[in-house]
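# Inside the fold
Chain by chain, the residues run as shown.
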Amino acid sequence: MENYKKIKTSDGSYTYYSALFDENCHSTSGAKNETYTHYVLGCKLDRKVVQKKPINILEVGFGTGLGFITTLEYLGKYPFNFLSVEIDEKMIQIAQKEFSQLLKLEKICAYIYKAKIQNASLTILLGDATKTLNKYFKENKYKPNTIYQDAFSPKRNPYLWTTSWFKLLKENATDDCIMSTYSSSSSIRKSMLAAGWTLQEGIKFGSKRSSTRSDLCLATEDTILEKLKRSGAPELTIKIAKDYKL
Ligand SMILES: C[S@@+](CC[C@H](N)C(=O)[O-])C[C@H]1O[C@@H](n2cnc3c(N)ncnc32)[C@H](O)[C@@H]1O
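Computed from a prediction, not measured in an experiment: that's the story for all the values here.

### Concerning helix α6 (residues 163-172)
- Burial in α6 covers these residues: T163, W165, F166 and L169. What you see down the axis of α6 is that its buried residues fit within an arc of 160 degrees, all on one side.
- Looking at the packing, one finds that the buried side of α6 touches α5 (129-139), β9 (146-149), β10 (178-181) and α7 (186-194).

### Overview of the sheet that holds strand β3 (residues 23-24)
- If you walk across this open sheet you meet the three strands as β1-β2-β3, and the pairing is antiparallel. Only two strands of the sheet have a single partner each, and these edge strands are β1 (6-8) and β3.
- Note: β1 against strand β2 (residues 14-18), three bridges, orientation antiparallel. Note that in β2 the partner of I7 across the bridge is T15.

### Concerning the nonpolar core
- Grouped together as the largest cluster of nonpolar side chains are 49 residues, with contacts concentrated most on V60, F82, I92, I124, A129 and I147.
- The biggest single contributor to this core is strand β8 (residues 120-126), with five residues.
- Those residues within four positions of I147 in sequence are excluded, and the remaining contacts are L58, L169, A173, C177 and M179.

### Notes on the site of the ligand
- In the vicinity of the ligand there are 24 residues, among which G61, G63, T64, G67 and A129 approach most closely.
- For the shell around the ligand, the elements supplying multiple residues, two or more each, are α3 (66-75), β5 (80-86) and α5.
- Considering only residue class, the shell around the ligand consists of eleven nonpolar, eight polar and five charged.

### Focus on the sheet that holds β9
- The sheet built from nine strands is open, its strands ordered β6-β7-β8-β5-β4-β9-β10-β12-β11 with mixed pairing. The strands lining the two open edges of the sheet, one partner per strand, are β6 (106-109) and β11 (200-201).
- Here α5 sits on the sheet in contact with β4 (56-60), β5 and β8, set at roughly 130 degrees to β8.

### Some thoughts on the packing of helix α1 (residues 31-41) against α3
- Orientation of α1 relative to α3, taken along the N-to-C sense of each, is 70 degrees, at an axis distance of 10 Å. Between α1 and α3, the angle is such that the two are roughly perpendicular. Taking contact as the criterion, the partners of A31, K32, T35, Y36, Y39 and V40 in α1 are, on α3, L66, G67, T70, T71 and Y74.
- Considering only residue class, the contact of α1 with α3 consists of six nonpolar, four polar and one charged.

### A look at the packing of α7 against helix α8 (residues 222-230)
- At a minimum axis separation of 10 Å, α7 and α8 run at an interaxial angle of 110 degrees. Between α7 and α8, the interaxial angle falls into the category roughly perpendicular. Of the two possible hands of crossing, α7 and α8 adopt the one that is left-handed. Residues S186, R189 and K190 of α7 form the contact with α8, whose own contacting residues are I224, K227 and L228.

### Remarks on the pairing of β6
- Bridge analysis of β6 against strand β7 (residues 112-117) gives three bridges, and the strand direction is antiparallel. Bridge assignment links K107 to a residue of β7, and that residue is Y113.
- Here β6 folds back onto β7 in antiparallel fashion, the turn holding two residues.

Cut-offs applied
- Residues numbered from 1 in each chain as written.
- Predicted model: local features only at pLDDT ≥ 70, side-chain atom pairs only at ≥ 80, totals over all residues.
- Buried ≥ 20, exposed ≤ 12 C-beta atoms within 10 Å, placed from the backbone.
- Helix = DSSP H or I, 4+ residues; strand = E, 2+ residues; numbered from the N terminus.
- Arc of directions from axis to C-beta.
- Contact = placed C-beta atoms within 7 Å.
- Pairing = 2+ DSSP bridges.
- Core = buried A, V, L, I, M, F, W, Y, C linked by C-beta atoms within 7 Å.
- Near = placed C-beta within 6 Å.
- Nonpolar A, V, L, I, M, F, W, Y, C, P; charged D, E, K, R; others polar.
- Axes fitted to C-alpha atoms, helices over the stretch in contact; angles between N-to-C directions.
- Parallel < 35°, antiparallel > 145°, perpendicular 65-115°, else oblique.
- Left-handed = near helix turned anticlockwise from the far one by under 90°.

Written as structure tokens, this is what we have:
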């Protein structure tokens, strides 16, 4: 696992560096706090619990497993479904080792891992999400109402930030879905908007100026629309995923 360096972050939690994408899975300002801020708070899980709504999550990028573990710790016994995608099987092995007490994953076929932990059901689709997720949505009645858009940066992982990617998510999400992401780049915001998502300023974390939330029950904020009109950054449109040598 020498290509997957373990790194301690400022809040004492750990992230991993992926040589495949040449990027850390989290901000060094705090892997755990970042996950909690952008996804647990960003997707307003507290409201869903208070309103006793079902929680059906889609996470883009399973990585170290911290997204799932942080959600499990937050929700406790509250039931939820967690669907994630991961192109790199070594990351799944790392997650299993890191959280071996909780994560007892079973590979049920060539491209699906599953686990039942407390009241949570976890499914991980192995392979390129631009292909696996579409297939999964066609074959299963799973409509996420919560999306953790946690791919690597648009520079390293562009095809998980394109307009067609966000369209796939939008077409399969519920009408009251909340999607949250750490990125606030104008390009990704333009792609999200073109795909039918609304845009609100998300919660700031670490050294980043902002983040992005799309709560479909809310309209797009005027200040964001004005900024996008002034920005020359293009919407992201690459469709074909790079063929990674894993
Ligand atoms: C920023 S990390 C995710 C961090 C994760 N949420 C966590 O809590 O540790 C992004 C992940 O997306 C995965 N990934 C990149 N491209 C992918 C693709 N096309 N399909 C599925 N997963 C992909 C990477 O291997 C990496 O593990």
